[in-house]
Amino acid sequence: MSKSSTNEKKPIYWKNQKPPNQNEVFTDPLFPPNVNSLIGLDSSGKIIDVEAYNEKVKEIKKDEIEFYRPKDILGDDYCLFSDKIEFEDVKQGHIGDCYFISSVASLCHFPDNLRKMFKQKTKNEKGFYEIELFIDGKQQIVIVDDYLPAFKEDKTPCYARSDKKQIWVMLLEKAWAKINGGYVYIISGVNSEALGVLTGRGSSVYDLKEKEGEELDNYKSIILRDIQLTDKRNSLMSCAIIKKEYDSKIEEEYSKLGLVINHAYSLLDFIKIETAQRKDVFLFKLRNPWANTEWNGDWSDESKLWDAKTRSQVQIEEKDDGIFYMNDIDFFKYFNKIEICYLFLNSEEVIYEIDEDNVKNAGVFLIETEGEGFLSVSIPRENWRVHRDLKDKKLQTYISVNKYDPNAKNRLKTFIDYEAVLVPNKDCTLNMRIHKGNYLIYVYRDFDHAEYTPEKKAIVKITCSVKFRHTQMCYDERDKGFPLLQNIILQAAFKKQNYDPDSGLDFYGFKLGLKGNDIGYYIKYLATPGYYVKYQGGKNELKNNFFLSPYLDSKTENFEKAVPAGKFLIILVMWDGTFGNVTFSYSN
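On a predicted model such as this, the values are computed, not experimentally measured, just so you know.

**Student:** For this particular structure, what's the right way to read the overall build of the protein?
**Tutor:** Secondary structure summary: the protein contains 12 helices and 28 strands in total. When each of the 588 residues of the protein is scored for burial, the buried share is 54%. If you take every contact in the protein between residues at least 6 apart in sequence, the share linking residues at least 24 apart comes to 77%. Surface summary for the protein: the accessible area is close to 27,300 Å², and the carbon and sulfur share equals 46%.

The following block contains the structure:
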């Protein structure tokens, strides 16, 4: 195991590609300016990702496109950057990479950081550029030439573009296409993927799609609270309208309102204004990366709700530039995914590199913070876009953060938060607000149930907006430190349910019969009366239902369940080596 700060190591070149001879005009041999780079073929002409190719290749319009040098499509007076970087400079082209373009547009609020990504600060007559991206959690330099895709008919840029004669937007999209294996493979995605590569930071993702009733209302309150607490000078926000099943009627309904389904938007701001009637109105400010097509309902550009008083409180122009306002009620009615990426500018960070001998063990880290701020704990995984064979492959990853008193007999004081990532293609990141004090961080990756063979080394990033001291307490060898995790889980159960442990374990009608050293932990309940779960014996059968099983043994497993359509229950059960029966049940 080793540790380092973010400034101690220089970035490496992606795929070990060496900088070219600066005396010659550069053409990238790894991403040549031909059809292979458009439709995602390797050097032998083989399709890199057959499924994605078959689904997306028509969108590329390969027969209409050619690669040109910037001067051939923009003139001799083109530049890398104009004098001022603005989000209006970034416009999506004719492929569906809205998640990436909206993320880049949001990053324009931090122009100095964006410029730092480019090693060259002005246009390079040799057509050679080095761009820093975060790949597999590590900062790496991606080399690109300046051949840009444009339509043959009029030589206008066909993908990302800017109205100004600057090429940084197109080069950044090209670097993204290069590490994906082709422009066809950057079609469709989520903002957290793009932001992770652009900034090296994990995002907090809020998904409202499967929530309803009181739970949905509570979740909206949490989102609004977190957005209001977010330091807009140190974070990026985005949102999306996600519909898994295509429905032409829904698409038409949204289109009439100026909204686009399965499309990502930059979330520029969240503000409160006061009307002439002294009523508070909460407004979201959004931007469509198309730079056109806007919401036309309440509080849109031409809405009659605007008057002199409300207009004086915002910046609004009546033009179809993709920027619009909508109130919180309409926002939550139509948008169902929000992502917040904390940049942690000028923050302290430590990176623990876990070696092969310890990578399968849980890690325990202690930090002491000097004040109130934000904490991020992240365990990056290999990027499936770079390693296409990892697409849709799961690796269970867990993080918990616990405040503790170093002088108390029972050091663990409060369970702060918990994150478990069981979905594919996602890093595990826990972002949270903290106060001055001592915190214990527990991380674990379940290699035994991984659907692929992970790297033999791992990275744990701990970043804090305030100064902090850090140590690695120990590596939790199999079963050795299990009482520590038991304590964390029990406190989480009691805290989340506001339940008094002295009165017995009874979580909202769930009866937990515990024997031996078994521990039952109720996480989430969304079932209706009639749901019944019984679990006996071993502990690795529930892995696809958010079942945490950090220490696995070959024991007999028996599992029974009856689940109503569309409903589910998430339960975590743990042992310290002594086996018994644990029963969870609910009835009306």
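**Student:** Please explain the packing of aromatic side chains as it appears in this structure.
**Tutor:** Ring pairs (aromatic) are described by centroid distance and by the angle formed between their planes. Within the structure shown, the criterion is met by 23 aromatic pairs. Ring centres of Phe-331 and Phe-332 lie 5.4 Å apart, and the angle between their planes is 80°; this geometry places the pair in the edge-to-face category. Grouping aromatic residues by their ring pairs yields a cluster made of Tyr-265, Phe-270, Phe-282, Phe-284, Phe-324, Phe-331, Phe-332 and Phe-335. Cation over ring: Arg-115 sits above Phe-81, and NZ or CZ is 5.0 Å from the ring centre. For the cation-ring pair, Arg-388 lies above Tyr-185, with the distance from its terminal atom to the ring centre recorded as 4.7 Å.

**Student:** Help me understand the packing of helix H4 (residues 98-107) against helix H7 (residues 191-199), please; the structure alone is not making it clear to me.
**Tutor:** Packed helix pairs are specified by the crossing angle of their axes together with the interaxial distance, meaning the distance between the axes. Relative to each other, H4 and H7 sit at 50°, their axes nearing to 8 Å. As summarised for this structure, H4 and H7 are arranged oblique, according to the angle between their axes. Viewed along their axes, H4 and H7 form a crossing whose handedness is right-handed. On H7, the residues touching Tyr-99, Phe-100, Ser-102, Ser-103, Val-104 and Leu-107 of H4 are Asn-191, Glu-193, Ala-194, Leu-195, Leu-198 and Thr-199. By residue class, the composition of the contact of H4 with H7 is seven nonpolar, four polar and one charged.

**Student:** Explain the side chain of Gln-120 to me, please; I cannot follow it from the model alone.
**Tutor:** Here Gln-120 is to be found in the loop between helix H5 (111-116) and strand S4 (128-135). Those residues in contact with Gln-120 that lie beyond four places of it in its chain are Leu-80, Phe-128, Tyr-129 and Glu-130.

**Student:** Whenever I open this one, the pattern of salt bridges confuses me. Can you help?
**Tutor:** A side chain of one charge can pair with a side chain of the opposite charge when the charged atoms of the two come close. Applying the stated criterion to the full structure yields 26 salt bridges. Between Asp-49 and Lys-391 there is a salt bridge, and its shortest N-O distance comes to 3.5 Å. A residue pair is termed long-range when its members are at least 10 positions apart, and Asp-49 in the loop between helix H1 (35-39) and helix H2 (50-56) and Lys-391 in the loop between strand S15 (373-379) and strand S16 (397-404) qualify at 342 residues. Since its relative accessible area comes to 7%, Asp-49 is described here as buried. Taking relative accessible area as the criterion, Lys-391 reaches 22% and is therefore assigned partly exposed.

**Student:** Quick question: what am I supposed to make of the confidence of the model for the protein here?
**Tutor:** A low pLDDT means the predicted coordinates there should not be read in detail. Per-residue confidence for the protein gives a mean pLDDT of 79; residues scoring 70 or more make up 75%. Low pLDDT, under 50, characterises residues 476-482; the predicted model gives this stretch 18 contacts beyond four residues in sequence or across chains. Contacts from residues 493-588, a stretch scored under 50 in pLDDT, to residues over four places away or in other chains number 208 contacts.

**Student:** What am I meant to see in the nonpolar core here?
**Tutor:** Nonpolar side chains in soluble globular proteins tend to end up buried together. Ranked by size, the top nonpolar core spans 72 residues in total, and within it Phe-118, Leu-133, Trp-168, Leu-172 and Tyr-183 carry the most contacts. No other element matches helix H6 (residues 168-180), which puts nine residues into this core. Every residue in contact with Trp-168, bar those within four places of it in the chain, is listed here: Leu-80, Phe-81, Ile-85, Val-90, Val-104, Cys-108, Leu-114 and Phe-118. By size, the runner-up hydrophobic cluster in this structure holds 32 residues, among which are Leu-224, Tyr-254, Tyr-265 and Phe-332.

**Student:** Quick question: what am I supposed to make of the sheet that holds strand S10 (residues 280-287) here?
**Tutor:** Backbone hydrogen bonds hold the strands of a sheet together, and the pairing may be parallel or antiparallel. A sheet is described by the order of its strands in space; here six strands give the open sequence S7-S12-S8-S9-S10-S11, paired in antiparallel fashion. Only two strands of the sheet have a single neighbouring strand rather than two, namely strand S7 (203-207) and strand S11 (323-327). For this sheet, the mean angle separating the axes of adjacent strands, direction not counted, is 30°. Two elements, strand S8 (residues 235-241) and strand S9 (residues 263-274), share four bridges in a ladder whose sense is antiparallel. Bridge pairing links Ala-240 to Ala-264 in S9. Contacting S7, S8, S9 and strand S12 (337-342), H7 runs over the sheet at an angle of about 10° to S12.

**Student:** Sorry if this is basic, but what is going on with the pairing of strand S20 (residues 458-464) here?
**Tutor:** Residues in a regular strand project their side chains so that they alternate between the two faces of the sheet. Burial analysis of S20 places seven of its seven residues in the buried class, the great majority of the element. Neither face of S20 is open: one carries Ala-458, Val-460, Ile-462 and Cys-464, the other Ile-459, Lys-461 and Thr-463, and all of them are buried. As paired strands, strand S13 (residues 348-354) and S20 are joined by seven bridges and run antiparallel to one another. What sits directly across from Glu-348, in S20, is Cys-464. Summarising the sheet, S15 and S20 pair through four bridges and their orientation is antiparallel. When the bridges of S20 are listed, Ser-376 appears paired with Thr-463.

**Student:** Just to check I follow, could you spell out unusual backbone geometry for this structure?
**Tutor:** Negative phi is the rule for most residues except glycine; trans is the rule for most peptide bonds. The backbone phi angle of Arg-278 is positive, close to 60°, even though this residue is not glycine. With respect to the helices, strands and loops of the structure, Arg-278 is situated in the loop between S9 and S10. For Arg-278, a relative accessible area of 67% puts it in the exposed group.

Conventions adopted
- Residues numbered from 1 in each chain as written.
- Predicted model: local features only at pLDDT ≥ 70, side-chain atom pairs only at ≥ 80, totals over all residues.
- Heavy atoms only, no water.
- Helix = DSSP H or I, 4+ residues; strand = E, 2+ residues; numbered from the N terminus.
- Buried < 20%, exposed > 50% of the residue type's maximum accessible area, 1.4 Å probe, protein only.
- Contact = heavy atoms within 4.5 Å.
- Areas by Shrake-Rupley, 256 points an atom, 1.4 Å probe, with all protein chains shown as cover.
- Phe/Tyr/Trp six-rings, centres within 6.5 Å; stacked < 30°, edge-to-face > 60°.
- Lys NZ or Arg CZ within 6 Å of the ring centre and 35° of its normal.
- Axes fitted to C-alpha atoms, helices over the stretch in contact; angles between N-to-C directions.
- Parallel < 35°, antiparallel > 145°, perpendicular 65-115°, else oblique.
- Left-handed = near helix turned anticlockwise from the far one by under 90°.
- Nonpolar A, V, L, I, M, F, W, Y, C, P; charged D, E, K, R; others polar.
- Salt bridge = Lys/Arg side-chain N within 4 Å of Asp/Glu carboxyl O.
- pLDDT = per-residue confidence, 0-100.
- Core = buried A, V, L, I, M, F, W, Y, C linked by side-chain atoms within 4.5 Å.
- Pairing = 2+ DSSP bridges.

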